[in-house]
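Residue-level structural notes
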Amino acid sequence: MSTDPGQPLTIRGREADVVFPNRLFLAPMEGITDQVFRDLMIGVGGLGGAITEFIRISVNPIPRKVVAKYLGPVRGVVPVGIQFMAADTEHLAQSIANAEPLGAPWYDLNFGCPAPVVFNKCAGSALLDHPDRMVAMIGTAVQATGRPVSAKMRAGVRDPGRLRELVLAAAQAGAAMITLHARLRTTSYEEPATWSWIAEARAALDSAGYGHVPLVGNGSIAEAGDARRMMETTGCSAVMIGRAALADPWIFRSSLGRPTATRAEGAAFALGYAATILADRPPIVALKKLKQMLRWYRCGGLFLDCPEDRQILLRSTDLEVVLDWFREQARISG
Ligand SMILES: Cc1cc2nc3c(=O)[nH]c(=O)nc-3n(C[C@H](O)[C@H](O)[C@H](O)COP(=O)(O)O)c2cc1C
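Computed from a predicted model, the values in this text were never measured in an experiment. Within any chain, residue numbers begin from 1 and follow the written order of that chain's sequence. In keeping with the model being predicted, local features are shown solely for residues with a pLDDT of at least 70 and side-chain atom pairs are shown and tallied solely at 80 or more, while totals for entire chains, interfaces and linings include all residues. Just so you know, side-chain values use all the structure's heavy atoms and leave hydrogens and water out.

1. Remarks on the pairing of strand E8 (residues 149-154)
For a regular strand, side-chain orientation follows a simple rule: the groups alternate between the two sheet faces. Relative accessibility under 20% of the residue-type maximum defines a buried residue, over 50% an exposed one, and the middle range a partly exposed one, all with a 1.4 Å probe and only protein chains included. Elements are defined by DSSP. Helices are runs of H or I of four residues or more, strands are runs of E of two residues or more, and each kind is numbered from the N terminus. Where burial is concerned, most of E8 is hidden: 6 out of the 6 residues are buried. Two strands qualify as a pair provided that DSSP identifies no fewer than 2 bridges between them. Judged from the 5 bridges that link them, strand E7 (residues 107-111) and E8 form a sheet pairing that is parallel. When the sheet's bridge partners are listed, Asn110 is paired in E8 with Lys152. Across 5 bridges, E8 lies against strand E9 (residues 177-181) in parallel orientation. If you follow Arg154 over to E9, its bridge partner there is His181. A clockwise path from the first strand over the helix to the second, with the strands pointing away from the viewer, defines a right-handed crossover. Handedness of the crossover joining E8 and E9 through helix H6 (residues 163-172) is recorded here as right-handed.

2. Section: the packing of helix H12 (residues 283-294) against helix H14 (residues 319-333)
Think of each axis as a best-fit line through the C-alpha atoms, taken over the contacting stretch in the case of a helix, with angles from 0 to 180 degrees between the N-to-C directions. Where H12 meets H14, the closest approach of the two axes is 9 Å, and the angle between their N-to-C directions is 50°. One way to sum up the angle between H12 and H14 is to call them oblique. In this structure, H12 meets H14 at a crossing whose hand is left-handed. Every residue of H14 that contacts H12 at Pro283, Ala286, Leu287, Leu290 and Leu294 is listed here: Leu319, Val322, Leu323 and Phe326. For this classification, under 35 degrees means roughly parallel, over 145 means roughly antiparallel, 65 to 115 means roughly perpendicular, and everything else is oblique. For any helix crossing, the convention is left-handed if the near helix is rotated counterclockwise from the far helix by under a right angle, and right-handed if that rotation is clockwise. Residues count as neighbours in contact if any of their non-hydrogen atoms are within 4.5 Å of one another.

3. What to know about the site of the ligand
Residues are classed as near a molecule or strand on a simple rule: at least one heavy atom within 4 Å of it. Surveying the vicinity of the ligand reveals 18 residues, the closest of which are Pro28, Glu30, Gln83, Asn218 and Arg243. Polar contacts, as used here, are pairs of N or O atoms within 3.5 Å; protein pairs need one atom able to donate a hydrogen and one able to accept it. Residues neighboring in sequence count only if both atoms are side-chain atoms. A distance of 2.9 Å separates an oxygen atom of the ligand from a polar side-chain atom of Lys152. Interatomic distance of 3.0 Å between a backbone N/O atom of Ser220 and an oxygen atom of the ligand. All accessible areas in this document rest on Shrake-Rupley with a 1.4 Å probe, and a residue is counted as covered only by the protein chains that are shown. Alone, the ligand offers 610 Å² of accessible surface; in the complex the protein occludes 89% of this. All residues other than Ala, Val, Leu, Ile, Met, Phe, Trp, Tyr, Cys, Pro, Asp, Glu, Lys and Arg, Gly among them, are scored as polar; the first ten of these are nonpolar and the last four charged. Here the residues of the shell around the ligand are counted per class, giving 6 nonpolar, 7 polar and 5 charged.

4. Observations regarding the nonpolar core
Soluble globular proteins tend to bury their nonpolar side chains together. For the purposes of this section, nonpolar cores are sets of buried Ala, Val, Leu, Ile, Met, Phe, Trp, Tyr and Cys residues that join through side-chain atoms within 4.5 Å. Counting 101 residues, the largest nonpolar core has Phe84, Phe111, Ile138, Met153, Ile178, Tyr297 and Phe326 as the members making the most contacts within it. Ranked by the residues each element gives to this core, the list is headed by H6, at 7 residues. Note that domain bounds follow an automatic or database assignment of domains. In this structure, this core is formed jointly by two domains, domain 1 (9-255) and domain 2 (263-333), each of which donates at least three residues. In this view, Phe84 contacts Ile55, Ile57, Ile62, Val67, Leu92, Ser95, Ile96, Ala99, Tyr107, Asp108, Leu109 and Asn110; residues no more than four positions away in its chain are not counted.

5. What about a positive patch on the surface?
Any residue with relative accessible area above 30% and no salt bridge may belong to a patch, with like charges joined within 9 Å and the nonpolar Val, Leu, Ile, Met, Phe, Trp and Tyr side chains within 5 Å. Here, a salt bridge means any Lys or Arg side-chain nitrogen found within 4 Å of an Asp or Glu carboxyl oxygen. We count Lys and Arg on the positive side and Asp and Glu on the negative side, and we leave His and both chain ends out. Where a charge sits is defined by one atom per residue type, namely NZ (Lys), CZ (Arg), CG (Asp) or CD (Glu). Judged by side-chain charge, Lys65, Lys69, Arg281 and Lys288 come together as a positively charged surface patch. On the secondary structure map, Lys65 appears in helix H2 (residues 64-71).

6. Some thoughts on the packing of aromatic side chains
Pairing of aromatic side chains requires ring centres within 6.5 Å, counting the rings of Phe and Tyr and the six-membered ring of Trp. Pairs whose planes differ by under 30 degrees are stacked, by over 60 edge-to-face, and all others tilted. If you walk through the whole model with that rule in mind, you get 12 aromatic pairs. Relative to Trp106, the ring of Phe25 has its centre 6.5 Å away and its plane inclined at 75°; by these criteria the two rings are edge-to-face. You can see Phe25 sitting in strand E3 (residues 24-26) and its partner Trp106 sitting in the loop between helix H3 (92-99) and E7, a full 81 residues away along the chain. Residues Phe25 and Trp106 agree in their burial class; the two are buried. Here the aromatic rings of Trp250 and Phe269 are separated by 6.1 Å at their centres, their planes lie at 75°, and the arrangement is edge-to-face. Here the residue Trp250 occupies a position in the loop between helix H9 (243-247) and helix H10 (251-255), and Phe269 occupies one in helix H11 (residues 263-278), the gap between them amounting to 19 residues. Linked through ring pairs, Phe37, Trp250, Phe269, Tyr273, Tyr297, Phe303, Trp325 and Phe326 together constitute an aromatic cluster. Charge over a ring is defined by NZ of Lys or CZ of Arg lying within 6 Å of the ring centre and within 35 degrees of the ring normal. Note that Arg185 overlies the ring of Phe119, its terminal NZ or CZ placed 3.8 Å from the centroid.

Dropping the structure here:
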């Protein structure tokens, strides 16, 4: 497998394949990586694939119009998959059937969410204690669609003792790609993620005859050189980037050796993000979404020389105050 993040990657379904233009994925992040955010990231460039925020299946199948809201229009430049999260197979096949006409290129199943509200209902990372149920869900999804089905998981609930069993079970059930978030449910988002678990998962897949199943490494990518480093040190086929993409949307480009953002571009991205949200949502929503990104944002070196400004902006209740700060940054650097 290639260790060059710039190489294309193909995953195979029963009836259709998906070709990603490169090996850098934007991690799904609930409340943040909606269609607006994903489209802006795709516009920046360097992104190979993305996934919707999780769509939770509980008492009923998910109607097509709900999935459509998460997915947005399928434009095809960068493949965007639909992520479902469920506790069992009930309603999964019907949710996929409802989503099929929307034309998303592939489906992803969530076996990683650590939130108590999800865990206590035996969904997300709780399935890591029940590989048989995980297998049933992947198998059901594979039968429900000819498109590829992938699985995104953590390394275990409280220890990585079943990691080998879990990745092999997912591959045997028909997962076309597996993403390993190299943390446990109990370690939540603690730094650093344990990249050696990605190497262990890769070795387990290879030794069991699943060398053709791409493994996406995820966790603690902080800067551009990390993507290639993760691929080289773990043997993973691709890399998924979460919070570092909120810190710097240019990280995908710079991971491919292209120039990073200037301060003016960093300010313009934030202003463009707010403007796009404001086109059909009230200022309070734009403020909330902007603040979620602001917790991490350092694109173009913003906040490096004035870390206290971040806290001031995060405390602000006035969108215009936040926007003025970015306008000022764009003016100074322009
Ligand atoms: C705010 C937030 C929301 C998240 N929502 C999802 C989600 O909807 N689906 C999912 O599979 N993972 C979700 N994750 C986990 C990320 O996809 C990713 O696995 C995790 O952030 C580790 O990557 P990182 O260290 O690069 O941030 C979320 C993470 C964060 C911080």
